[in-house]
Amino acid sequence: AQSVSQHNHHVILSEAASLELGCNYSYGGTVNLFWYVQYPGQHLQLLLKYFSGDPLVKGIKGFEAEFIKSKFSFNLRKPSVQWSDTAEYFCAVTPKHSGNTGKLIFGQGTTLQVKP
Amino acid sequence: DTAVSQTPKYLVTQMGNDKSIKCEQNLGHDTMYWYKQDSKKFLKIMFSYNNKELIINETVPNRFSPKSPDKAHLNLHINSLELGDSAVYFCASSQGQGATEAFFGQGTRLTVV
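Source: prediction; values computed, not measured. (Residues numbered from 1 in each chain as written. Chains lettered and ligands numbered in written order. Predicted model: local features only at pLDDT ≥ 70, side-chain atom pairs only at ≥ 80, totals over all residues. Heavy atoms only, no water.)

Caption draft 1: Structural view of the overall build of chain A. When helices and strands are tallied, chain A shows 0 helices and 12 strands. When the elements of chain A are put in sequence order from the N terminus, they spell out β-β-β-β-β-β-β-β-β-β-β-β. Rg of the C-alpha trace for chain A: 14 Å, near the compact-globule value of 13 Å for 116 residues, within the 12% margin. Projected onto its principal axes, the C-alpha positions of chain A cover 45 × 30 × 20 Å. In chain A, buried positions account for 47% of the 116 residues. Put simply, 56% of the contacts in chain A that link residues at least 6 apart link residues at least 24 apart. (Helix = DSSP H or I, 4+ residues; strand = E, 2+ residues; numbered from the N terminus. Rg over C-alpha atoms; globule rule 2.2 N^0.38 Å. Buried < 20%, exposed > 50% of the residue type's maximum accessible area, 1.4 Å probe, protein only. Contact = heavy atoms within 4.5 Å.)

Written as structure tokens, this is what we have:
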């Protein structure tokens, strides 16, 4: 069965600290990968996505992620976090095949708290 | 302009009632979805429609019935509400069924008392 696992459930950082959130997926075929962010009380917004090509992808607000196919991982990074990055972060995958329905399979989310 | 809009944003109701949540997207997308986010913030797909046709029904109780009058709208009707239905329900849309990104609405927080 397809699944996504996010290793860190709750991360607390001080401003300017570096961030890395882990994401691993389980699926036998190729996938497209996403990171979404949910700020308090708001809807999910796309941070970045990987479909193909350069495995290092850059997203909005200084975030980037690296797809490592051999490790089935898509970790999210940011060199220096800000208080405004406090949010819930979700990794998601969708299988890439002809019968794909576009259904997103989400990880359980990571709560990031940045202290000023 | 809001791309994916849901109404209402908050819904508090008693057990046994019937309620509906409406969703509209103005992105011209073909595919719309309903996701449920539980109290632990875990997101799981419930339904997907492509051009008004149901393509995903993820073992959701038949008390939940989606309705898509046209490809820009996907409403969710829930009969005989139970305490366990309390959650945040997100509508989303994407262009086609392929693996393009999904755009989410602001969510409807349903509380059943």
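Caption draft 2: Quick look at the pairing of strand β11 (residues 108-112) of chain B. Residue and element names in this part refer to chain B. Going residue by residue along β11, you find Thr108, Leu110 and Val112 tucked away on one face and Arg109 and Thr111 left uncovered on the opposite face. As paired strands, strand β2 (residues 10-13) and β11 are joined by 4 bridges and run parallel to one another. Counterpart to Leu11 in the pairing with β11 is Leu110. Across 3 bridges, strand β9 (residues 87-94) lies against β11 in antiparallel orientation. Residue Val88 lies in a different strand from β11, and its bridge partner there is Arg109. (Pairing = 2+ DSSP bridges.)

Caption draft 3: Inspection of the layout of surface pockets at higher detail. The volume enclosed by the largest pocket comes to roughly 440 Å³. Counting residues per element, the ones that place at least two in the lining of the largest pocket are β10 (87-95) and β12 (110-115) of chain A together with β9 and β11 of chain B. For the lining of the largest pocket, the per-class residue count stands at 9 nonpolar, 11 polar and 5 charged. Surrounding the second largest pocket, 14 residues form its lining, His43(A), Leu44(A), Gln45(A), Phe103(B) and Phe104(B) being those nearest its centre. When residues of the lining of the second largest pocket are traced back to their parent elements, those giving at least two are β6 (44-50) of chain A together with β10 (103-104) of chain B. The element contributing the most residues to the lining of the second largest pocket is β6(A), with 3 residues. (1 Å grid on protein atoms, 1.4 Å probe; cavity = no way out; pocket = protein on both sides within 12 Å on 5 of 7 lines; lining within 4 Å. Points joined across faces, edges and corners; volume = space filled by probe spheres on them. Nonpolar A, V, L, I, M, F, W, Y, C, P; charged D, E, K, R; others polar.)

Caption draft 4: Just the pairing of strand β5 (residues 31-38) of chain A, in detail. Residues and elements named next belong to chain A. By the criterion of burial, β5 is predominantly enclosed, with 8 of the 8 residues buried. Along β5, one buried face is formed by Val31, Leu33, Trp35 and Val37 and the opposite face, lined by Asn32, Phe34, Tyr36 and Gln38, is buried too. In this sheet, β10 lies alongside β5 in antiparallel orientation, the contact comprising 8 bridges. From the neighbouring strand, Gln38 faces β10, where its bridge partner is Glu88. Across 6 bridges, β5 lies against β6 in antiparallel orientation. Across the sheet, the residue bridging to Gln38 is Leu44, located in β6. Between β5 and β6, which pair antiparallel and follow one another directly, the connecting turn spans 5 residues, one of which, Gly41, has a positive phi of 75 degrees.

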